[in-house]
Structures are given as C-alpha cells and as structure tokens.
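Here are the chains, one letter per residue:
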Amino acid sequence: MSVLKVNNLSKNFGGIKAVTEVSLNIEKGEIIGLIGPNGAGKTTLFNLLTGIYTPTSGEIIYDLDKKAYTKDLKPHKITHYGIARTFQNIRLFQNMTVLDNVLMGFHSGLKYSIVSTFFRLPSYYKTEKSTYDEALELLIKFNLLDKKNELAKNLSYGDQRRLEIARALAAKPKILLLDEPAAGMNPKETKELNFLIQWIRETFDLTIILIEHDMSLVMNICERIFVFDYGHLVASGTPLEIQRNERVIKAYLGEEALQC
Ligand SMILES: Nc1ncnc2c1ncn2[C@@H]1O[C@H](COP(=O)(O)OP(=O)(O)OP(=O)(O)O)[C@@H](O)[C@H]1O
C-alpha cells in the first residue's frame, strides 16, 4: 500500500533548480534511503514533504486514502497527516529538560480544546495525564528515563539525536523523515542507530525515509535507495542494484561501494 506519492515535483530558488521533476512512490513499512552529493536536493525534498517549502510545480499526495495534497497544507497540517521529521542540525529545545522536549512533541496531536484548557476542565487533566504517561513510556523505550530531568543541551550527541527521534515519534507519525541521523556519531553510536531505526520501524509501525552519507548504514538498513544529483532523481533500486549502478558509482559512491 502506497503511503506517499510524489509527482513531477520541482522547487526552484530563483535560478537554482534544487529539485527537478522528481516522481517517487513509497510503500507502507519501507525504510528508504535518499543519497547523493552535497547540494543534490535531498533536504529540499524533505522541506517540500514537510510543508516548509511550497513546490514550484508538481504535487505530493500523502496517505492516499485521505487524498491529502500539498497545495494548501502548512507544516502543522502535514503533521496531522502523519509526517514527522528530525533535522540535519539537531533542533531540540536545548534549555528544556529531556521530558519537556518529548512533551512538546505531543503538543500537535492533543485533543482538548482552548475552552477546556482555559477552564481546566476534566478533559484537560485527563489528556495531560495520559500524555505525561506516554512521554515517560517513550523515554523508557529510548533508554532516556534516568535523564528525564536533565537539560537537553547536557546530553551526549548520540542521546540528543535519539531524543530528537523520540520527540518526533510523540506526534504519532506514520512516516518518519530522518535527516542525516548518523552525522557526528562515532562508529559505536552509528551501529546502535542501525538497530534503533529497524526497531522503531517495527515497534511504531512506521515508514522511514532517511537522508544519509554513511553508506554502510544506508546499505545495511534500507530496502530501497533513491539517488539524487543536481536536483534530479538519477537512480533508484535495492542496495545491491545501487552499488552496481555505473552512473551512481561514478557520480557518488566510488569503487569502494562495491565492498559495502
Ligand atoms: N532556501 C534556499 N534558498 C536558496 N537556495 C537553496 C535553499 N535551500 C537549498 N538551496 C539550494 O538548493 C540546492 C540543493 O540543496 P539541498 O540542501 O537540498 O541539498 P542536499 O542534497 O540536502 O545537500 P547536503 O547533503 O549537503 O545536505 C543547493 O544548491 C542549495 O544551495
């Protein structure tokens, strides 16, 4: 079942063609890798998928059952359609605690009204209590419970990356976008991330799309890979197909890819 479809999507910034006529289809439950040289358009595609940028042309169709298109969707609405993300440069609330960061992630999905919040009606407290419990559960799953009262800025780099993923999951997404999750991680943390990504796919019943330059991670966990160059989608296929694709080897991977 398709959960996300992109048709002839383009984004120009003045004369720069960041994304050009990209079409792709993502199936439920897949782990997808987006790879390509710096400036190839990968993050711009994420920004289009999350409503940060409006497409110059083309369309994005989320969750085909609901027939939601990008045209009039703002980022908070896209969250409601089930997309959450992390950022290349970690964007946590650095001076807030670990627990508060996760609680902020629930905010977009909360069901109580302004009236019940203002008058502190029972529905407000009920939602607040279950949100708090769910936040603690997420912290347990991510092995961060003992750090719940620490400020985000005091966590190790690997913990900050995991906290950012936990916060994204609080919005209960169907599709999780990870922008260079292994950036800045040491080999041990990258290995743990490898297992973490597969574990969250199973545990949270997710479809995952990740941008990554660490080829061992991409080749190990992705079922399909899309390769970008100068804004164009130049190849797609399984890790094995991509590793053997002459054009991709020449433009990006290099001969060592064959040993991955
Ligand atoms: N807001 C913007 N304004 C102008 N140009 C932009 C903007 N965002 C991206 N670009 C340009 O679009 C092109 C694609 O950039 P993008 O960040 O999407 O590449 P990328 O594949 O994610 O690169 P990296 O791997 O380095 O993160 C680049 O030429 C970049 O300079």
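The structure this text deals with has already been given above.
First, a word on what this report is: a plain description of the structure on this page. (Residues numbered from 1 in each chain as written. Predicted model: local features only at pLDDT ≥ 70, side-chain atom pairs only at ≥ 80, totals over all residues. Heavy atoms only, no water.)

Turning to the overall build of the protein, a few remarks are in order. Helix and strand content of the protein: 10 helices and 10 strands. Here the contacts in the protein between residues at least 6 apart in sequence split such that 67% fall between residues at least 24 apart. (Helix = DSSP H or I, 4+ residues; strand = E, 2+ residues; numbered from the N terminus. Contact = heavy atoms within 4.5 Å.)

The next subject is the site of the ligand. The full set close to the ligand counts 15 residues, and Gly-39, Gly-41, Lys-42, Thr-43 and Thr-44 are the nearest of them. In the model, an oxygen atom of the ligand is placed 2.6 Å from a nitrogen or oxygen of the Thr-44 side chain. Burial of the ligand by the surrounding chains reaches 66%, relative to a free accessible area of 640 Å². At the level of elements, strand 2 (16-27) and helix 1 (42-49) are the ones that each hand at least two residues to the shell around the ligand. The leading source of residues in the shell around the ligand is helix 1, at 3 residues. For the shell around the ligand, the residue count by class is 6 nonpolar, 7 polar and 2 charged. (Near = heavy atom within 4 Å. Polar contact = N/O pair within 3.5 Å; in protein donor to acceptor, adjacent residues only side chain to side chain. Areas by Shrake-Rupley, 256 points an atom, 1.4 Å probe, with all protein chains shown as cover. Nonpolar A, V, L, I, M, F, W, Y, C, P; charged D, E, K, R; others polar.)

Each pair of packed helices can be described by the angle between their axes along with the distance between the axes. Where helix 6 (residues 157-170) meets helix 7 (residues 187-203), the axes come as close as 11 Å, and the angle between the chain directions of the two elements is 10°. In terms of orientation, helix 6 and helix 7 fall into the roughly parallel class. Judged by the sense of rotation from one axis to the other, the crossing of helix 6 with helix 7 is right-handed. Contact residues: helix 6 offers Gly-158, Arg-162, Ile-165 and Leu-169, while helix 7 offers Glu-189, Leu-193, Leu-196 and Ile-200. In the contact of helix 6 with helix 7, the residues fall into 5 nonpolar, 1 polar and 2 charged. (Axes fitted to C-alpha atoms, helices over the stretch in contact; angles between N-to-C directions. Parallel < 35°, antiparallel > 145°, perpendicular 65-115°, else oblique. Left-handed = near helix turned anticlockwise from the far one by under 90°.)

Below, the discussion takes up the sheet that holds strand 10 (residues 232-237). The strand order across the open sheet formed by 6 strands is 6-7-8-3-9-10, and the pairing between neighbours is mixed. If you trace the sheet from one side to the other, it starts and ends with strand 6 (83-85) and strand 10, each paired once. Along the sheet, successive strands turn relative to each other by an average axial angle of 20°, direction set aside. Contacts between helix 6 and the sheet are confined to strand 6 and strand 7 (175-179), with strand 7 contributing the most and set at about 155° to the helix. (Pairing = 2+ DSSP bridges.)

Before going further, it helps to examine the pairing of strand 9 (residues 224-229). Summarising burial for strand 9: 5 of the 6 residues are buried, a large majority. With 4 bridges joining them, strand 3 (residues 31-35) and strand 9 adopt parallel strand pairing. Paired with Gly-33 across the strands is Ile-225, a residue of strand 9. Sheet topology note: the strand 9/strand 10 ladder contains 5 bridges and is antiparallel. The partner of Asp-229 across the bridge, within strand 10, is His-232. Following strand 9, the chain reverses through 2 residues before pairing antiparallel with strand 10; Tyr-230 in that reversal takes a positive phi of roughly 50°. (Buried < 20%, exposed > 50% of the residue type's maximum accessible area, 1.4 Å probe, protein only.)

For Thr-86, the location among the structural elements is in the loop between strand 6 and helix 3 (98-106). With a relative accessible area of 2%, Thr-86 lands in the buried category. In this structure the side chain of Thr-86 is engaged in a polar contact, spanning 3.5 Å, whose partner is the backbone nitrogen of Asp-179.

With the rule as written, the count across this model stands at 9 salt bridges. Taking the shortest distance from any N to any O, the salt bridge between Glu-30 and Arg-224 comes out at 2.7 Å. In this pair, Glu-30 sits in the loop between strand 2 and strand 3 while Arg-224 sits in strand 9, placing the two residues 194 residues apart along the sequence. Given a relative accessible area of 12%, Glu-30 falls into the buried group. A relative accessible area of 23% places Arg-224 in the partly exposed class. Taking the shortest distance from any N to any O, the salt bridge between Lys-172 and Glu-134 comes out at 2.7 Å. Taken together, the residues Lys-172 in the loop between helix 6 and strand 7 and Glu-134 in helix 5 (residues 122-141) connect sequence positions 38 residues apart. Given the relative accessible area of 52%, Lys-172 is considered exposed. The partly exposed category is assigned to Glu-134, whose relative accessible area is 30%. What emerges from the salt-bridge pattern is a single network uniting Lys-147, Asp-159 and Arg-162. (Salt bridge = Lys/Arg side-chain N within 4 Å of Asp/Glu carboxyl O.)

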